[in-house]
Amino acid sequence: MSLFKKTLSEHWRLFVFALVASALVLIFNDAILEIWVRWGEERYSHAPIVFLLAIYLAWIKRHELNAENTHAWYGVGIVVFSAIILMIGELSAIWTIVQYALVFLLFGFAWTILGVQIRKVTIPFLHILVVIPLPYMLDVMLSGKFQLMSSDLGVHIIRLLGMSVYQEGNVIDLGIYKLQVVEACSGLNYTYPLMTIGLMMGYMYKAPFFARFLLFITTIPISIVMNSFRIAVVALFVNHSGIKAAEGFMHYFEGWVIFIICIITLLIEVKVINRVLGKRESLADSFDYLEAKHSIAADASKVRINKRPIVIAFICILVTTLSTLTIHHRDEVIPTRVTFDQYPLEIDGWVGRRHEFQNGENDILKLKDYFLADYNRANRNVGVYLGYTESQRRGFVPHSPKACIPGGGWEITDTKLHRIDLDANKHFEVTRMVIAKGESKQLIYYWFHQRGRDLSNEFPMKFALLYDAIKLNRTDGAIVRFTTTIYKSEAEADQVLSEFVRLSYPQFPRFIPN
């Protein structure tokens, strides 16, 4: 028992931190469980290992820390700020906010315990931050942009290899076969793990800060270029051996080979930086291998730890946690609605024909319900897409057409806000886009129809989502997109879409609750 008391007296700060961290994980288990679910996605499959690595990196620093906690009050400021964000996240039940707030809350509490020594364990906290899944909307938008960049660069490499190829967005036409650069091949499956490795290498690299930061940040272009090279190699194999070269074992094997090449590229970059800096060290000597180091302990009689900021930070966390317990039992309001199966296919002379997603888009979008149809009247055509989500708290939000339109080979040539006058008393703004593919042009109107609001773009939509999640306990809503072909002029196409919006809008309340 005396041994336990001695250990507790020597390491009481570690015990307090571990107790607070464990309590937060148990109390905010919904947000933590959401992280665990997202870690099941392929692009985050490395995250559990990185999390354990972060704990190890902090653990091996324990002997370098003394009992001083100078400038601990900065940590109290971080705790207070993080507690406010945590309360907002709990009130809205938007888990991404809660997840990031928890990490910063623990970082602030660690600062009150360690003071300026917090810099010795900052990298472990950064490792935890980089494996928290990004908000779903941002993830999808990044995936779309990376798909397009990888496709463009991959096509250039294929042409350099002497092959004839035609590109239409993310579809690469080899003549006999067509390859589609889908979300899983966007490059994010390389980028996220490689960024983590780059962060680790930058931490271990014995060089000035700018060189270490350069090593980390270049993981992004390296992953894009290497993913494009992989696409070119797959195209080469497919052209030679058939479509099976792009499927199954060969597909995954090629992926692993390219990832190893990415890591080798980072090591080559270290060698180049060493030369630029005039360092003649070998690669092996360029890194600190993070062995546990024992520093000379300070004289306990001369060291006084300031317990006041630790106590205040602890009380702040306790009050925040007790306050959020009353929020946990707020069940989200899911309004009743009519499903899109009953959406009218005849609207004032316009006759529609409904169709479904063909390439698994709903597996990506995670929509509760959607409506996809083409309406025709007097040789005019309007494409309609309504995507409804009953809850956006887990990050599954309607994402912008700006992210997916380029993937179909269309170029966005003009974007602006456009006013729709429904009648003398009501009007709202939509995002108006003109897109082009070769000689074809289309006009698109889209906006977010959510909880009685008509929001023209993503940014006011996110603020409204946060406000309504707190006040109304609702996060349901939909994206609305109307499309028509531009024949004679944009003015004529505007007239067609504006009229169709006015005719369709009265139908919305049954299917998209106000």
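In this report, we go over the structure that sits alongside the text. Here the structure is a predicted model, which means the values were calculated and not measured. (Residues numbered from 1 in each chain as written. Predicted model: local features only at pLDDT ≥ 70, side-chain atom pairs only at ≥ 80, totals over all residues. Heavy atoms only, no water.)

**Quick look at the packing of aromatic side chains**
Remark: the centre distance and the inter-plane angle together describe each pair of aromatic rings, the angle taken between the planes.
Piece 1. By the definition in use, this model includes 23 aromatic pairs.
Piece 2. Ring geometry for Tyr 343 versus Phe 371: centroids 4.6 Å apart, planes at 45°, classification tilted. On the criterion of sequence distance, the pair formed by Tyr 343 in the loop between α13 (307–325) and β4 (346–347) and Phe 371 in strand β6 (residues 369–377) is long-range, its members being 28 residues apart. For the pair formed by Tyr 343 and Phe 371, the shared burial category is buried.
Piece 3. Connected via pairs of aromatic rings, a cluster forms that spans Trp 350, Tyr 375, Phe 428, Trp 447, Phe 482, Phe 500, Tyr 505 and Phe 508.
Piece 4. Sitting over the ring of Phe 340, Arg 337 keeps its end group 5.0 Å from the ring centre.
Piece 5. Arg 337 extends its terminal NZ or CZ atom over the ring of Tyr 388, reaching a point 4.1 Å from the ring centre. (Phe/Tyr/Trp six-rings, centres within 6.5 Å; stacked < 30°, edge-to-face > 60°. Helix = DSSP H or I, 4+ residues; strand = E, 2+ residues; numbered from the N terminus. Buried < 20%, exposed > 50% of the residue type's maximum accessible area, 1.4 Å probe, protein only. Lys NZ or Arg CZ within 6 Å of the ring centre and 35° of its normal.)

**Structural notes on the pairing of β6**
Piece 1. Here strand β5 (residues 350–354) pairs with β6 via four bridges, running antiparallel. Each bridged residue has a counterpart across the sheet, and for Arg 354 the counterpart in β6 is Ala 373.
Piece 2. Of the strand pairs in this sheet, β6 and strand β7 (residues 380–389) are connected by nine bridges, and their pairing is antiparallel. Looking across to β7, one finds that Asp 374 is bridged to Gly 383. (Pairing = 2+ DSSP bridges.)

**Structural notes on the pattern of salt bridges**
Piece 1. Counted according to the given criterion, the structure contains 14 salt bridges.
Piece 2. For the salt bridge of Glu 281 with Lys 279, the shortest nitrogen-to-oxygen distance reads 3.5 Å.
Piece 3. The exposure class assigned to Lys 279 is buried, which follows from its relative accessible area of 19%.
Piece 4. Among the ionic pairs, Asp 476 bridges to Arg 474, the shortest N-O distance being 2.8 Å.
Piece 5. Three or more residues joined by partner-sharing salt bridges are found here, namely Asp 414, Arg 432, Glu 490 and Asp 494. (Salt bridge = Lys/Arg side-chain N within 4 Å of Asp/Glu carboxyl O.)

**Section: helix α3 (residues 29–38)**
Piece 1. Turning to α3, its buried residues number three or more, namely Ala 31, Glu 34, Ile 35 and Arg 38. The buried residues of α3 occupy an angular sector of 100° when the element is viewed end-on, so they sit on one face. Seen from the open side of α3, the exposed residues pointing more than 90 degrees away from its buried face are Leu 33, Trp 36 and Val 37. (Arc of directions from axis to C-beta.)

**Digging into the nonpolar core**
Piece 1. Tyr 343, Tyr 375, Trp 447, Phe 482 and Phe 508 are the most contacted members of the largest nonpolar core, which has 32 residues in total.
Piece 2. Of all the secondary structure elements, the ones that give two or more residues to this core are β6, β7, β9 (427–437), β10 (440–450), β12 (477–485), α17 (490–504) and α18 (508–511).
Piece 3. The next biggest cluster of nonpolar side chains, apart from the first, holds 31 residues, and it includes Phe 28, Ala 101, Ile 113 and Val 121. (Core = buried A, V, L, I, M, F, W, Y, C linked by side-chain atoms within 4.5 Å.)

**Structural notes on unusual backbone geometry**
Piece 1. At Arg 451, a position not held by glycine, the phi torsion is positive, near 50°.
Piece 2. Position of Arg 451 relative to the elements: it lies in the loop between β10 and β11 (453–455).
Piece 3. With a relative accessible area of 7%, Arg 451 lands in the buried category.

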